[in-house]
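Residue-level listing of the chains:
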Amino acid sequence: MKFIDAFELGIRDIKKHKMRFCFNILSTAIILLVISVLMSFVLTLNAIIQEDMKRHLIENENSITVFLNGANNDKGNYGVTWEESQLMENFMTDYDGNVGIRERSWHNDVEVIVAQVVRKVNVCYFSENSEYTGDGTPRLIDGKDWEEASEETKYIWLGIETYDFISNINPDFKIGDTLNFVVVGNINMTLETAGLIDSDAFYVTKKSAIQNGFVSVSHIEYDLTLRDVGNPLKSLGQLQESLNAIDKGLTKNEGQTERISCSEFSQYSVLNSSLLVYRMVIASVVIFLTVLILGVLKNNAVINIFDNIKTFSLLRCIGLENKKIVGISMAETLLCLCVSVVLGSALSLAFKGLISKVANQVIGTQLYNLHTLAYDSAWWVMLCYFVGLLLLIMLYFSLTLIKYLKRKNLLGTLKRS
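Position numbers for residues count from 1 along each chain, tracking the sequence in the order it is written. At least 70 in pLDDT is required for a residue's local features to be given in this predicted model, at least 80 for side-chain atom pairs to be given and counted, and no such filter applies to totals for whole chains, interfaces and linings, which use all residues. Hydrogen atoms and water are omitted, and side-chain values are computed over all heavy atoms in the structure.

> Help me out: how do you make sense of the overall build of the chain in this one?
A tally of regular secondary structure across the chain gives 12 helices and 14 strands. Whether a residue is buried, partly exposed or exposed follows from its accessible area with a 1.4 Å probe, protein chains only, as a fraction of its type maximum: under 20%, in between, or over 50%, in that order. When the 417 residues of the chain are sorted by exposure, 44% land in the buried category. Surface accessibility of the chain: about 21900 Å² in total, with carbon and sulfur atoms responsible for 56%. Helix numbering and strand numbering both begin at the N terminus, where a helix is a DSSP run of H or I of at least 4 residues and a strand a DSSP run of E of at least 2. For the area figures, the Shrake-Rupley method with a 1.4 Å probe applies, and any residue is considered shielded solely by the protein chains shown.

So, in structure tokens, the structure goes:
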């Protein structure tokens, strides 16, 4: 028996029970309407989040600020290590050649020990602008140039006043000798004096200042522009993925989940995480409604078999298998389902304004722009749902209705009639 013949045979009695057919379409369409609205609601929530973030980025000319926060290092100090700062600087500079880098740091307490005489001193790094250095680089009087020794961490440059102080205690002291230092009361180190400068403070290279703990960098801010200005949301996601890979390799304190942060990353992640609750609840409701649809359609198929029991008995008598009889009885059910899906999905479009407003009310307080509205019809989700439901119905009905037909014993029914 061809498919078209089975289909025509399956729907030939619709005229006899038009009210039942219409009722089945109406009830199934209403259930599918609810499912479509719920699916659209979830996807609309996601669409609003994306639209809100996209507007925020465009309004800020696709500029964001990324933070590299400190952690306790092997010296017992809190801060960003030199290696971490260089890793991030190289990545950020490669990502955006015009990236702006701002460091937030503080100077630790440092003491110098000369012939058992302890004196608190200020240690700065060259090219630094701070309360200790003003806005200039000290003039080299004698010794090594700091730029030539910028990679060295064992050197320190003395100011004239400090040099005179040390010379009074130790007349044999000269440039090139070593000095003992204590940082924050527990880090002891010996550094070689590399030169004499026109300043009141001690000076080191920036690398030495951070690695030896003279200066602690609490965090570093990177002001950059997203690469893909045409699709800033995609560019934001790609940047976050790259930075997450870097963040996994950074040392963290106990309870510290991340070192690299960005307000846009956090906003997007928190809102997407909040959708999980709605997805789980709506998924549970959709499963319940799907079971309800299966019950309604199966009941219709059983009634169809009962109404046409004699016809099916004759077909069975001439050798037609039960599974083909089930296919005939399902024809009306499948037609009902197709009409209901189209009707339910189309009707859901009438609620798109309401869906959008309700979705905005649900997450509006967490958005950058409280008035952001968007809508997603979820048509492709409904299409996938329809295909899945169709396959489920065919499998479920094939198993249950065949058992039903065996219990009815079509040949015995024909004999009794």
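Let us keep going from here.
> What is the right way to look at the side chain of H56 in this model?
On the secondary structure map, H56 appears in helix α2 (residues 18–59). A relative accessible area of 13% means that H56 is categorised as buried. Polar contacts here mean pairs of N or O atoms no more than 3.5 Å apart (in protein, one a potential hydrogen donor and the other a potential acceptor; neighbouring residues in sequence count only if both atoms are side-chain atoms). A distance of 2.8 Å separates polar atoms of two side chains, one belonging to H56 and the other to E264. Any two residues having at least one pair of non-hydrogen atoms within 4.5 Å are treated as being in contact. Apart from the residues within four sequence positions on either side, H56 is in contact with E264 and Y368.

> Looking at this structure, I do not really get the packing of aromatic side chains. What am I missing?
Both the distance between ring centres and the angle between the ring planes are used here to describe each pair of aromatic rings. Stacked, edge-to-face and tilted labels apply to pairs of Phe, Tyr and Trp rings (six-membered ring for Trp) whose centres lie within 6.5 Å, assigned for plane angles under 30 degrees, over 60, and everything in between, in that order. Enumeration according to the criterion identifies nine aromatic pairs in this entry. The interplanar angle of 75° and the centroid separation of 6.3 Å between the aromatic rings of F41 and Y278 together place this pair among those described as edge-to-face. Taken together, the positions of F41 in helix α2 and Y278 in helix α7 (residues 263–307) put the pair 237 residues apart, joining distant regions of the chain. By relative accessible area, which is 29% here, Y278 ends up partly exposed. A ring pair is formed by F126 and W157, whose centres lie 5.1 Å apart and whose planes are at 85°; its orientation type is edge-to-face. Of the two residues, F126 is situated in the loop between β7 (123–125) and β8 (140–143) and W157 in strand β9 (residues 155–159); the sequence distance between them amounts to 31 residues. In this structure W157 comes out as buried when scored by relative accessible area, which is 0%. Counting every residue linked through ring pairs, the aromatic cluster contains F126, W146, Y155, W157 and Y203. We call a charge positioned above a ring when the Lys NZ or Arg CZ atom is no farther than 6 Å from the ring centre and deviates by at most 35 degrees from the ring normal. Over the face of the ring belonging to F165 we find R119, whose NZ or CZ atom lies 4.2 Å from the ring centre.

> Looking at this structure, how should I read the packing of α2 against helix α6 (residues 232–248)?
Each pair of packed helices can be summarised by the angle the axes make with each other and by the distance between the axes. Between the N-to-C directions of two axes lies an angle of 0 to 180 degrees, each axis being a line fitted to C-alpha atoms and, for a helix, fitted only over the stretch in contact. Running from amino to carboxyl end, α2 crosses α6 at an angle of 95°, the nearest separation of the two axes being 9 Å. Judged on the interaxial angle alone, α6 and α2 are roughly perpendicular. Here α2 contributes Q50, M53, K54, L57 and I58 to the contact with α6, which in turn contributes P232, L233 and L236. Each residue belonging to the contact of α2 with α6 can be placed in one class, and the counts come to six nonpolar, one polar and one charged. Small angles under 35 degrees read as roughly parallel and large ones over 145 as roughly antiparallel, with 65 to 115 read as roughly perpendicular and the rest as oblique. Classification used: nonpolar for Ala, Val, Leu, Ile, Met, Phe, Trp, Tyr, Cys and Pro, charged for Asp, Glu, Lys and Arg, polar for all others including Gly.

> What am I meant to see in the sheet that holds strand β13 (residues 215–225) here?
Note: strands within a sheet are paired through backbone hydrogen bonds, in either parallel or antiparallel orientation. Any two strands with at least two DSSP bridges between them are considered paired. One open sheet holds the four strands; their spatial order is β4-β13-β1-β14, and the pairing between them is antiparallel. Whereas interior strands pair on both sides, the edge strands pair on one side only; in this sheet they are β4 (100–107) and β14 (260–262). Here the strands of the sheet are splayed against their neighbours by 20° on average, with no regard to which way each runs.

> Any chance you could explain unusual backbone geometry here in plain terms?
Phi is mostly negative for residues that are not glycine, and the peptide bonds are mostly trans. For E61, which is not glycine, the phi torsion reads 55° and is therefore positive. Mapped onto the elements of the fold, E61 is located in the loop between α2 and β1 (63–69).

> How should the pairing of β1 be read in this particular structure?
The two faces of a sheet get side chains in turn, since along a regular strand they alternate between them. On β1, burial follows the alternation: I64, V66 and L68 on one face are buried, whereas S63, T65, F67 and N69 on the facing-out side are not. Where β1 meets β13, seven bridges bridge the pair, whose relative direction is antiparallel. Bridge pairing in β13 links V66 to Y222. Summarising the sheet, β1 and β14 pair through three bridges and their orientation is antiparallel.

> Looking at this structure, how should I read the environment of Q361?
Residue placement: Q361 occurs in helix α10 (residues 352–363). Q361 sits in the exposed class, given a relative accessible area of 65%. Along the primary structure Q361 and L45 are separated by 316 residues, whereas in three dimensions their C-alpha atoms are 10.0 Å apart.

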